[in-house]
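# An overview of the molecular structure
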There are 2 protein chains.
Amino acid sequence: MDIQLKRGLLDVCVLAAIKSADSYGYKIIKDLKPYVELSESTLYTILKRLETARMLTVRTAEHCGRLRKYYHITAAGVRRIEEFKEEWKEMKAIASFIAKEDSDE
Amino acid sequence: MDIQLKRGLLDVCVLAAIKSADSYGYKIIKDLKPYVELSESTLYTILKRLETARMLTVRTAEHCGRLRKYYHITAAGVRRIEEFKEEWKEMKAIASFIAKEDSDE
DNA sequence: CGATATACATCGTATCACGAAGTATAGATT
DNA sequence: AATCTATACTTCGTGATACGATGTATATCG
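Residues numbered from 1 in each chain as written. Chains lettered and ligands numbered in written order. Predicted model: local features only at pLDDT ≥ 70, side-chain atom pairs only at ≥ 80, totals over all residues. Heavy atoms only, no water.

Attention now goes to the overall build of chain A. Check the secondary structure of chain A and you find four helices and three strands. When its helices and strands are written in sequence order, chain A yields α-β-α-α-β-β-α. Computed over the C-alpha atoms, the radius of gyration of chain A is 16 Å, more than 25% above the 13 Å expected from 2.2 N^0.38 for a compact globule of 105 residues. When the 105 residues of chain A are sorted by exposure, 45% land in the buried category. In chain A, once contacts between residues fewer than 6 apart in sequence are set aside, the share between residues at least 24 apart is 47%. (Helix = DSSP H or I, 4+ residues; strand = E, 2+ residues; numbered from the N terminus. Rg over C-alpha atoms; globule rule 2.2 N^0.38 Å. Buried < 20%, exposed > 50% of the residue type's maximum accessible area, 1.4 Å probe, protein only. Contact = heavy atoms within 4.5 Å.)

Now the structure itself:
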């Protein structure tokens, strides 16, 4: 899949992945795998960015001797998802414009 | 609308805008305006990129004393649109994942 | 004991959208 | 005649971003 195309989805995907239950980096990657592939470096960049934007909070916890950083969505993060849903309507309009132009020869 | 979100659409939008009939910069911007706003600097960057990728060809013509560069889509450009339609299916799957995660509280 | 999975971090690079600023002409308004 | 607006294309610099490469460290399994 084209990198440019999925760009705008990634942040919201990560937010969606932690929305119902707090999660951590490695798990987020595995959970999202069926929908979008994203590398570790990409994910940690995103998590850092979302944290700076206060769309999530972090809590470090030990799990079987290994450290884990659990991410928790904030109200701002939830709002971001809602905002995305609105933007998605515009996206659909654009996509149908493309399909329309393509159909009439 | 979020810049990142529309990124992947822009190239294909421009291709769609010239598909049924050759067009030129200024007209493309006006034609796309109802769907996506894009500045001149953005458009000309895109046109240059698509030309380099051989997805369109350029022809300069005079129109009432002013120069116009008419853009014509190539077979590769048409294929790019087809490819987009496939990618769009994946995009829809991702968007419904986001909506799903968001709905079950 | 070595391979694999888990878990996180950092650096550098390439791609890209866009604002700003510039050049130039035609037609309308004052 | 002068000014404004629309048309039309160009270039430069910047900030945002995805990602490969590389590194650290531990647990588990064969």
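This paragraph deals with the relation of the copies chain A and chain B. The transform that puts chain A on chain B rotates by 180° and translates by 0.0 Å along the axis, for an RMSD of 0.0 Å. In the structure described here, the two chain copies are related by an operation that fits a two-fold rotation axis. Same-surface contact between copies: 100% of interface residues of chain A are shared with the interface of chain B. (Least-squares fit on C-alpha atoms with pLDDT ≥ 70 in both.)

Under the counting rule described, the total for this entry stands at seven aromatic pairs over all chains. For the ring pair tyrosine 24 of chain B and tyrosine 70 of chain B, a centre distance of 5.5 Å and an interplane angle of 75° mean the geometry is edge-to-face. In this pair, tyrosine 24 of chain B is assigned in strand β1 (residues 23-24) and tyrosine 70 of chain B in strand β3 (residues 66-73), connecting sequence segments 46 residues apart. Cluster of aromatic residues (ring-pair linked, three or more members): Phe84 and Trp88 of chain A together with Phe84 and Trp88 of chain B. (Phe/Tyr/Trp six-rings, centres within 6.5 Å; stacked < 30°, edge-to-face > 60°.)

Our focus in this paragraph is the sheet that holds β3 of chain B. Residues and elements named next belong to chain B. Sheet architecture is open: three strands sit in the order β1-β3-β2, paired in antiparallel fashion. Of all strands in the sheet, those with a lone pairing partner are β1 and β2 (56-63), marking the two edges. Of the strands in this sheet, β1, β2 and β3 are in contact with helix α1 (residues 3-19), which crosses β3 at around 100°. (Pairing = 2+ DSSP bridges. Axes fitted to C-alpha atoms, helices over the stretch in contact; angles between N-to-C directions.)

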